[in-house]
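Below are the chains, spelled out letter by letter.
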Amino acid sequence: MATRCSDSEDAMKLSRIALLLGTAASLVSTGCASHPYYAVAPAPPPYNSVPPLIARAEHEGFRAGSEDGGRDLYNGFGHHPERDRKFHDTPGYDPALGPFGPYRDAFRSAYVRGYDQAFYRR
């Protein structure tokens, strides 16, 4: 009879261990799904995003060119965007945004576009 009790006690111990292992496995798998342990990296900026320096240069240049082109058309002056003071001075530059060279180039390009659009009424 001692053997029989021992077998049933062993079976109960095994069932308790199996129950404990099953519970632990389900807790671990549930915990991992709801609480990730890693940080999610932010998405990279879009490929075609324009740096703030260039965006400002294009905005300021186009606005200034549109004003000067419209003025030259109204006053009967010829089409001479490179002769205007704003084309050479490139106003609106902020050194905190970056180097002057790229700003100047983007400003002048946008200035001519704005000037042409206003002068030729496009």
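Analysis parameters
Residues numbered from 1 in each chain as written. Predicted model: local features only at pLDDT ≥ 70, side-chain atom pairs only at ≥ 80, totals over all residues. Heavy atoms only, no water. Helix = DSSP H or I, 4+ residues; strand = E, 2+ residues; numbered from the N terminus. Buried < 20%, exposed > 50% of the residue type's maximum accessible area, 1.4 Å probe, protein only. Contact = heavy atoms within 4.5 Å. Areas by Shrake-Rupley, 256 points an atom, 1.4 Å probe, with all protein chains shown as cover. Phe/Tyr/Trp six-rings, centres within 6.5 Å; stacked < 30°, edge-to-face > 60°. Lys NZ or Arg CZ within 6 Å of the ring centre and 35° of its normal. Axes fitted to C-alpha atoms, helices over the stretch in contact; angles between N-to-C directions. Left-handed = near helix turned anticlockwise from the far one by under 90°. Nonpolar A, V, L, I, M, F, W, Y, C, P; charged D, E, K, R; others polar. Patch = residues over 30% accessible without salt bridge, like charges linked within 9 Å, V, L, I, M, F, W, Y side chains within 5 Å. Salt bridge = Lys/Arg side-chain N within 4 Å of Asp/Glu carboxyl O.

Residues and numbers for the overall build of the chain, please.
Looking only at helices and strands, the chain has four helices and zero strands in total. Listing the helices and strands of the chain from first to last along the sequence gives α-α-α-α. Expressed as a percentage of the 122 residues in the chain, the buried residues total 20%. Sequence separation of 24 or more characterises 73% of the internal contacts of the chain that already satisfy a separation of 6 or more. For the chain, the accessible surface area stands at approximately 9,200 Å², while carbon and sulfur atoms represent 62% of it.

Before we move on, could you go through the packing of aromatic side chains and cite the residues and values that matter?
Under the criterion given, the structure shown has eight aromatic pairs. An aromatic cluster is built from Phe-87, Tyr-93, Phe-100, Tyr-103, Phe-107, Tyr-111, Tyr-115, Phe-119 and Tyr-120, whose rings are joined through pairwise contacts. The ring of Phe-87 carries the charged tip of Arg-108 above its face, separated from the ring centre by 5.2 Å.

With reference to specific residues and values, describe the packing of helix H2 (residues 52–75) against helix H4 (residues 100–119).
Any two packed helices are characterised by how steeply their axes cross, that is the angle between the axes, and by the distance between the axes. Their axes nearest at 6 Å, the elements H2 and H4 cross at an angle of 35 degrees. Between H2 and H4 lies a crossing whose hand is right-handed. Partitioned by chemical class, the residues of the contact of H2 with H4 number 15 nonpolar, seven polar and six charged.

Kindly report on a nonpolar patch on the surface, identifying the contributing residues and their values.
A surface patch of nonpolar side chains, amounting to about 320 Å² of accessible area, comprises Leu-14, Ile-17 and Leu-21. The topology assignment puts Leu-21 in helix H1 (residues 2–34).

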